[in-house]
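Okay, here's what each chain looks like letter by letter:
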Amino acid sequence: MKKRVFSGIRPTGRIHLGNYLGAVQNYVAMQDEYDCIYSVVDIHALTTLEDTHLLKDNVREQVIDLLAAGLDPDKCILFVQSHVPEVTELFTLLGMATPLSWLLRVPTFKEKVRLQPHNVNYGLVGYPVLMTADIVLYKAEAIPVGEDQLPHLELAREIVRRFNEHFGPIFLEPQGKLTNFPMVVGLDGRDKMSKSLNNHIELAATAEETLKKVMSAVTDPARRLRSDPGHPEVCNVYKLHQHFSPEVIENIAVECRSAARGCVDCKKQLGAAINAYLTPLRARRAEIAADQAYVDKVIREGAAKAQAIAKVTITEVKQRMGLL
Ligand code: SF4
């Protein structure tokens, strides 16, 4: 029996290079080794979105991105969170065993309160409970996480322990599967690549859009003149070259340090390397997007497979809690 892995992907927009290098590549690699369940977590997105008119399209586009990136519905379960309503039932039931004080002390909740003081909704404080419901509904044993996400998983484990203490050993405590997700810095060179900061490159962008974005990237701030020696170790363009131009990376560093290469040419080279890398993925994406019946089928069948597991769990939970 393969170990079951669960991961959720927020549909806040199309998948960008940061998501791809930081997580999706790893999802694809895990499909052969693990029993993988991947969910586009659209209910989670509601906690921070105020305008939801794009949500449905974003979910669909994200499914297409994931398929183009290499997720294979014959090897993994790929589904949309809200299509399996048992997760909201379990969210409610787990909430009965989760002290409010645990949720109020979560650093990301405090951060969200700071960022969106006008929209501190109940869903936001319950976010870790819904996340726990996602994991345990499918009896996932391992959750791919970066080191920064371990505290979230620890809270999920605490909720599971508390629930098991009250109602008997129903759930496994999910374990973190530490992955070397690289943190991909955005084109501004400051923060993590993200759509909200507009410092990203979408996988589905055209070659021209990609090149234009790369040309706007911040480089070594100390390098003012073309003749100044550069410091590749602080340059974000260089970091992206490490992913997309590994065969010439040493050369780039040497030429940068000796000012034999200018930043404009260096960025053009990076843009070309990213485009060469993404060309097959973009072609696959166009094919998948043109076959809407196939996308519908993947979404429908993914939900059916996930729900078959969810129904068993929710029945067991209700029996243990005295509801059935
Ligand atoms: Fe960065 Fe390339 Fe400019 Fe060096 S030459 S600072 S690596 S963009």
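Residue numbers restart at each chain and count upward from 1, following the sequence in its written direction. The model is predicted, so local features are restricted to residues of pLDDT at least 70 and side-chain atom pairs to those at 80 or more, both for listing and for counting; the totals for chains, interfaces and linings are taken over all residues. Only hydrogens and water are removed before side-chain values are computed, so all heavy atoms of the structure are retained for them.

Asks: What exactly am I supposed to notice about the UniProt feature "binding site: L-tryptophan" (unreviewed entry) in the protein here?
Replies: UniProt positions are given in the numbering used here, feature names are shortened, and annotations may be inferred rather than shown by experiment. Look at the UniProt record and you will see "binding site: L-tryptophan" (unreviewed entry) annotated at Asp134. Other than its neighbours up to four places away in sequence, Asp134 contacts Phe6, Val41, His44, Gln81 and Val87. The contact rule is simple, with two residues in contact once any of their heavy atoms fall within 4.5 Å.

Asks: Help me understand the side chain of His44 in this model?
Replies: Under the scheme used here, helices are H or I runs from DSSP no shorter than 4 residues and strands are E runs no shorter than 2 residues, and both carry numbers assigned from the N terminus. Structurally, His44 is set in helix H2 (residues 42-45). Each residue gets one of three labels from its accessible area relative to the maximum for its type: buried under 20%, exposed over 50%, partly exposed in between, using a 1.4 Å probe on protein chains only. In this structure His44 comes out as buried when scored by relative accessible area, which is 2%. Ignoring sequence-local partners within four residues, the contact set of His44 consists of Arg10, Gln81, Tyr127, Leu130, Met131 and Asp134.

Asks: Any chance you could explain the pairing of strand E4 (residues 142-145) here in plain terms?
Replies: Looking along a regular strand, one sees the side chains alternate between the two faces of the sheet. Here E4 shows no split at all, with Ala142 and Pro144 on one side and Ile143 and Val145 on the other all buried. Each parallel crossover has a hand, and the one from E4 via helix H9 (residues 150-167) to strand E5 (residues 175-178) is right-handed. Here is how to tell: hold the view so the strands point away, follow the path from the first strand over the helix to the second, and if it runs clockwise the crossover is right-handed.

Asks: Would you mind going over the pattern of salt bridges with me for this structure?
Replies: Opposite charge on two side chains permits pairing when their charged atoms draw close. The salt bridge criterion pairs a side-chain nitrogen of Lys or Arg with a carboxyl oxygen of Asp or Glu, the two atoms within 4 Å. Counted under the stated rule, the structure contains 18 salt bridges. For the salt bridge of Arg157 with Glu173, the shortest nitrogen-to-oxygen distance reads 3.3 Å. With a gap of 16 residues between them, Arg157 in helix H9 and Glu173 in the loop between H9 and E5 connect regions that are remote in the sequence. Residue class for Arg157 comes out buried when judged on its relative accessible area of 17%.

Asks: Looking at this model, I keep getting lost on empty space enclosed by the protein. Mind explaining?
Replies: If you roll a probe as big as a water molecule over the atoms, it shows you where there is empty space left. In the cavity and pocket records, a cavity denotes points on a 1 Å grid over the protein atoms alone where a 1.4 Å probe fits but cannot get out, a pocket denotes an open set with protein on both sides within 12 Å along at least 5 of 7 lines, and lining residues are residues with an atom within 4 Å of a point. Grid points are joined across faces, edges and corners, and a volume is the space filled by probe spheres set on the points. Per the stated rule, a full pass over the model turns up 1 cavity of 30 Å³ or more. Lining the largest cavity are Thr219, Asp220, Arg223, Pro232, Cys235, Val237, Tyr238, Ile252, Cys256, Arg261, Cys263 and Cys266.

Asks: Mind showing me how you'd approach the site of the ligand here?
Replies: For the ligand, the full set of nearby residues is Thr219, Asp220, Arg223, Cys235, Val237, Tyr238, Cys256, Arg261, Cys263 and Cys266. The cavity that encloses the ligand is the largest cavity. Within the residue set of the shell around the ligand, elements represented by two or more residues are helix H11 (236-244) and helix H13 (263-290). All amino acids are sorted into three groups, where Ala, Val, Leu, Ile, Met, Phe, Trp, Tyr, Cys and Pro are nonpolar, Asp, Glu, Lys and Arg are charged, and the leftover types, Gly among them, are polar. Each residue belonging to the shell around the ligand can be placed in one class, and the counts come to 6 nonpolar, 1 polar and 3 charged. Think of it this way: one heavy atom of a residue within 4 Å of a molecule or strand is enough to make that residue near it. Molecule-in-pocket calls rest on the fraction of atoms, with more than half required to lie within 2 Å of the cavity or pocket grid points.

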